[in-house]
Structures are given as C-alpha cells and as structure tokens.
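Report on the structure
Given next are the chains, with one letter for each unit.
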Amino acid sequence: MSVLFTSISPDNPVKKTDAHDLLEKVGVSIDPSEEDDFHMLLGAVHDCAETVADMPDYQPKPDFDRYPRQNVRRPSEEEQVLGNAWVHKFLIKGNPDGAPLAGKTVSLKDVIAVAGVPQFQGSDVISSWTPNTDATVVTRVLDAGADIVGTTACENLCHSTSSFTSVQGIVDNPYAAGYSAGGSTSGGAALVAAGLVDITIGGDQAGSIRVPSSLSGCVGLKPTFGLVPYSGIASGDAMDDHAGPLARTVLDIGHCLDAISGYDGMDDRSLGSPKRGSTTYAATLQAAPTKLEEFKVGILTEGFGHSIVDPAVRSTVMSAARKFEELGATVEEISLPDHLNGPAVWTIQSRVSGSMNLLGQAHGRRGLGLTELERERLPWTKESFQRAFPTTQNVMINGLYLMSRFPELYAKANNIGRKLRDMYEETFEKYDVVVMPTTPIVAPKHGTRGLPMESIKPSMGLTINTAVFNLTGHPAMSIPVGFAPAKEDGKVRLPVGMEIVGGLWQESKVLRAGHAWETHFNWKEMASNDQD
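These numbers come from a predicted model, not from an experiment.

**Examining the overall build of the protein**
Check the secondary structure of the protein and you find 18 helices and 14 strands. Over its C-alpha atoms the protein spans a radius of gyration of 24 Å, differing by no more than 12% from the 24 Å that the globule rule assigns to 532 residues. Seen along its three principal axes, the alpha-carbon backbone of the protein occupies a region of about 80 × 50 × 45 Å. For the protein, the proportion of its 532 residues judged to be buried stands at 55%. Sequence-distant contacts, at least 24 apart, represent 77% of the contacts inside the protein between residues at least 6 apart. As displayed, the protein offers around 22500 Å² of accessible surface, 54% of which is attributable to carbon and sulfur atoms. Each charge class in the protein can be summarised by its mean position, and for the 46 positive and 64 negative side chains these summaries are 4 Å apart.

This is the structure in structure tokens:
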C-alpha cells in the first residue's frame, strides 16, 4: 500500500505531534527520529481525505417522477394509533401495473431510507436526518405495485425488544393497551396485527422482526442472511443484519419476499442470493398441497426447556407443533444442546461489532454508505451518550470492555457461530423444519426509563430462541398459534408465537410449513377452544 505524493499542501492542518498523540491513546509510540517522516505521511493522508471529501457522493437516485412523495408529515394526534405507531405519514403510489403486491399497503421501519422523509431511529442521540436515496427494498415494493403509506416506530437505535424505548413514544400491543408490542420493529408489527396496513418491512439483528410478530400476533420472517439486500437500511451489525416482511398471512410474506429478495449490485451480504425476480415463493405455496405428507418436523427440546419459558407458552406452542401430525407430517422431539450456547455466543459477537458500528469503526464491507447519517451521528459526545438509551450505552461499554480484556474472543465467537450453523445444517438434512416458542413469554407490560437495569429488564430473555439464528443466518419465521394469559393479569389474553426454522436458503420449506398450519387452523378460535 502506498500514497502518491511529492509534498503536502501548505495549509495542511496536521501538526507534528498528531501522530504521537494518536498513538498514545492506544498505548504505543513512535521513535522520535521517525517523527518527521510520519508527519509527512499523515499530512499526505489528510490531503487525500480532503480530495475525497470534495468529490460528489454516489448514491442511487430516487425516481421522483415515477414515485413522488405525497404529503410527508408527522402524524397528527387524530392520525396516531396504538400509542405512537406512526413516525411519518405519507403516500408513495406503487407501479399501477406492478405485481405481486398490487393493492397492498406497506409501512417501513424507521431505519429504512426513504428519500425526502426524515428519519429518527427512535432516538434523540442525533437530530433527525433526511436520506437522499431510497433503500433497495423501498424501490422493489413500489415496483411490485404496493403503496407505501408511512414509516413506523422503531425502538431506540434498534437496541430493544420492548416497545417503550422510542423517544417518539410508546407503542401499545394491539390486543391490550399498556402491554408491549415487542421490538425493535414495534410500530409496524402493531399496525399489521391490528389490520391497519397489509405488510411492514422490518430489520432483525437478534429477533427484531420475530419478537414483535410473536408478541403482537402476526407473521414475521427473518430470511436467510443476505437473501434480502440491506442497502439503505441503518446497520446494527453487518454480520447480524437481516431485513424481512411482517404480514398477517404467510402467503403475503411469500409475495413480499418475491418482490424484495435478490442481489442489488451493492450489498455484499447479498452476493450469494438469487437473481432478482427469479424466486417463486408465493407461487410455490399456492401450487403445493396444504397437507405435509413426507414432511419431517423437529420439536427442539432445548427451545422449550429454558427455565424462563412460561408454562402456558410452552403448552400452547407444543400443542401447535403437534398439530403438524394432523397435516400428515412426521413430528419428533429432537435435542441440540449447543442451542443453549447461542445467546452467549451471539452476545459476544454482537457487542464487539455493535460497539464498533456505534463508534463508526465497522469497516471492511462493500455496500451503500448512508453518508448523511454518519455525518449526523458522529462523533459521540458526553451529551449524546447521556441521551442514549441504557441498552445502547451498554452495547458500547460491553464492546470496549471485551476488546480490551478478551482480544481473541470476537474471532472465537465467530468460529463457534459457524459451528452452530454447521450443527443446524446437519439437522436440516434430516428434518425439513425445526420448531420452538418464538418468545418465552407473552407481551409484558411496558417498562419505564430509569436506572439501566430497570430500563433493560423488560427485554431480558426475549431473544433466547431468536438471536442464535441471526448468528447462524438460518431463515426463521414466527406465526401466531394461540393465546396465553398475561403475567400481570390472567384475564388479559395475549398472542403466542411459534418459530419455524429451516435450512439455509430453504425459505420455501419454512413458508410451506407455516402456510399449511394457518390454512387448517384458525389460531384465534383454536386458542379459545383449547385454553378456556
């Protein structure tokens, strides 16, 4: 590697002591005899930086003529629903000749770039920023005929599976005000479950699609890592980032997945995904029999066996899983003890990479850079850190600690994550899908922001069965399968989700299992009959 230069510019601001001062922060130093040379080299890099900074950015240009943004606004008090589910209301009409989403309404989690629409990410760490480009999924759902009707509440910088952490306000569970809708795709899940929009596009780093789907009572799919491009979506951690749909039916999930999947020429997460427009998830569902003869379903013992799994949730999901037998499937209990290690391994991997992302030091990926966002959120200050929600503060503290005390552990966590992936791939050679509770409990009551433990407690444990599949990259979908009583009030009945997991790139099997189940069983009626 070399930098071509003959001299540095006369107004270059680099000081002779800068190299020494920078290195002192990481506990090393340079030989005084080399100081002049490193000053010259650092000055040359500064001149390179000035050159690049003066270049025009290169982001995809939205087609405002074809897809104009109409009436972008913060929702009025009368327009707001389910607490504060909406962030911005607007209308972008989809392609009138589009398919397969013609006539569908779509909302977007407030981390997905929509040119001309301010974005908050549920936080006031930074002021709202306005993207200049559309995320790939935005263009694709419009091309497929859907109308985009707004952006929806996201939990504070996506660092919560509750629905009270956004500075824009709480989001209520559609089945009981005062209870969590789940997060971090909180507003979209609540709107879909309440029947107010057809589909939401969300993001998932540990369960942020599946947890709110489970708690709110809708279907949510985290696809195989990379199947859906993440271009134009604010990243939490490039290794865990997944984008996917939430809807009321598995068939709508299939239609949306056909529209948004496939490499987009930008996101290196998607290099292995199929060509855009080549998938037939929905058509395969419609053509396949709704019975599941020759299908093998594994009931994961460890997924049910966590001590924090509520007995009512356990029995509801077990009953739902056994109903696959009525559809002709072979259903067997299986054991994968290493599943229990998933949360710890995910924690190490995500804390290190997540903290680096927060600090603007996550590099080494090819993709669409959201330069306006980076300019607004960096550098951190004492004031911005104090405004951050405790979960975000904790990610940064954890990551810095791990890198200082366990320098080899991030690499080891990635290795063990690959072991878990391979273990599951071996399982999927024998079983078409594996099932377990999506969340260990039904929706808890909203928490409050206070001391860190008080603020974080409502989310603790919710991702014990979801985060591992961000680590391994496997497709995982939550479908509603019944109700169970709230912990705080047995008269309050709240949705229960069953997670269906398949092999890498085996979305068709996951969708088929879920579609067959929901075709033959009405989860609302069945739950009342089974549990009353």
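**Details of the domain arrangement of the protein**
One frequent convention defines the size of an interface as the accessible area lost when the parts assemble. Taken domain by domain, the protein comprises domain 1 (16–54) and domain 2 (69–520). The C-alpha centroid of domain 2 is placed 42 Å from the C-alpha centroid of domain 1.

**A few points about the layout of surface pockets**
Counted as a void, the largest pocket has a volume near 1000 Å³. As for the largest pocket, its lining consists of 44 residues, and the residues nearest its centre are S235, N357, A362, E374 and R377. Only α10 (342–358) and α11 (371–377) provide two or more residues apiece to the lining of the largest pocket. Among the elements that take part in the lining of the largest pocket, α10 stands out by supplying six residues, more than any other. In this structure, the second largest pocket is lined by 28 residues; those nearest its centre are H159, A206, W346, R351 and T463. It is α10 that provides the largest number of residues to the lining of the second largest pocket, a total of six residues.

**Remarks on the side chain of S270**
Along the polypeptide, S270 turns up in the loop between α6 (250–260) and α7 (281–287). With near-sequence residues (within four places) excluded, S270 lies in contact with G226, V228, P229 and Y263.

**Concerning the pairing of strand β12 (residues 433–437)**
Look at any regular strand and the pattern is simple: side chains alternate between the two faces of the sheet. In terms of residue burial, β12 counts as a mostly covered element, since five of its five residues are buried. By the bridge criterion, three bridges tie strand β10 (residues 296–300) to β12 in an arrangement that is parallel. Its bridge partner lying in β12, G298 is registered against V434. Bridging between β12 and strand β14 (residues 493–502) involves five bridges; their strand directions are antiparallel. Paired with P437 across the two strands is M498, which belongs to β14.

**Quick look at the pairing of strand β3 (residues 105–109)**
Within β3, four of the five residues are buried, leaving the element largely enclosed by the surrounding structure. For β3 and strand β4 (residues 147–152), the ladder comprises five bridges, and the chain directions are parallel. Counterpart to V106 in the pairing with β4 is I148. The handedness of the β3 to β4 crossover, carried by helix α3 (residues 136–143), is right-handed. The sheet contact formed by β3 and strand β7 (residues 199–204) spans three bridges and is parallel. Paired with L108 across the bridge in β7 is I201.

**Here's the deal with the environment of S459**
Tracing the sequence through the fold places S459 in the loop between α15 (452–456) and α16 (467–472). Residues S459 and S384, spaced 75 residues apart in sequence, show a C-alpha to C-alpha distance of 23 Å. Those residues within four positions of S459 in sequence are excluded, and the remaining contacts are S160, T161 and S162. Within the structure, the side chain of S459 is placed 3.2 Å from the side chain of S160, a separation counted as a polar contact. Among the polar contacts listed, one links the side chain of S459 to the side chain of S162, at a separation of 2.7 Å.

**Looking at α6**
Across the 11 residues of α6, 10 count as buried, placing the element largely inside the fold. All of the buried residues in α6 are V250, D252, I253, G254, H255, C256, L257, D258, A259 and I260. With its phi angle positive at about 110 degrees, G262 sits one or two positions after the end of α6.

**Points about the packing of α10 against helix α13 (residues 390–405)**
The angle between the axes and the distance between the axes are what describe a pair of packed helices. It is the contact of α10 with α13, at a shortest axis distance of 7 Å, that shows an interaxial angle of 105 degrees. Considering the angle they form, α10 stands roughly perpendicular to α13. Here I348, R351, V352, G354, S355, M356 and L358 of α10 lie close against α13, whose contacting residues are T392, N394, V395, M396, N398, G399, L400, L402 and M403.

**Some thoughts on empty space enclosed by the protein**
For the structure shown, the criterion picks out one cavity of 30 Å³ or more. Space inside the largest cavity adds up to approximately 40 Å³. Taken together, P223, T224, F225, G226, L227, V228, Y230, D241, H242, A243, D267 and R269 form the lining of the largest cavity. Of the residues in the lining of the largest cavity, the class split is six nonpolar, three polar and three charged.

**Thoughts on the packing of aromatic side chains**
A full pass over the atoms with the stated rule returns nine aromatic pairs. A ring pair is formed by F483 and W523, whose centres lie 4.9 Å apart and whose planes are at 25 degrees; its orientation type is stacked. Of this pair, F483 sits in strand β13 (residues 476–485) while W523 sits in helix α18 (residues 523–531), and the two are 40 residues apart along the sequence. Both residues of the pair, F483 and W523, count as buried. Put simply, the rings of Y175, F483 and W523 pair up and form one aromatic cluster. Note that K323 overlies the ring of F521, its terminal NZ or CZ placed 5.3 Å from the centroid.

Calculation notes
- Residues numbered from 1 in each chain as written.
- Predicted model: local features only at pLDDT ≥ 70, side-chain atom pairs only at ≥ 80, totals over all residues.
- Heavy atoms only, no water.
- Helix = DSSP H or I, 4+ residues; strand = E, 2+ residues; numbered from the N terminus.
- Rg over C-alpha atoms; globule rule 2.2 N^0.38 Å.
- Buried < 20%, exposed > 50% of the residue type's maximum accessible area, 1.4 Å probe, protein only.
- Contact = heavy atoms within 4.5 Å.
- Areas by Shrake-Rupley, 256 points an atom, 1.4 Å probe, with all protein chains shown as cover.
- Lys, Arg positive; Asp, Glu negative; His and termini not counted.
- Charge placed at Lys NZ, Arg CZ, Asp CG, Glu CD.
- Domains from an automatic or database assignment.
- 1 Å grid on protein atoms, 1.4 Å probe; cavity = no way out; pocket = protein on both sides within 12 Å on 5 of 7 lines; lining within 4 Å.
- Points joined across faces, edges and corners; volume = space filled by probe spheres on them.
- Pairing = 2+ DSSP bridges.
- Right-handed = clockwise from strand over helix to strand, strands pointing away.
- Polar contact = N/O pair within 3.5 Å; in protein donor to acceptor, adjacent residues only side chain to side chain.
- Axes fitted to C-alpha atoms, helices over the stretch in contact; angles between N-to-C directions.
- Parallel < 35°, antiparallel > 145°, perpendicular 65-115°, else oblique.
- Nonpolar A, V, L, I, M, F, W, Y, C, P; charged D, E, K, R; others polar.
- Phe/Tyr/Trp six-rings, centres within 6.5 Å; stacked < 30°, edge-to-face > 60°.
- Lys NZ or Arg CZ within 6 Å of the ring centre and 35° of its normal.

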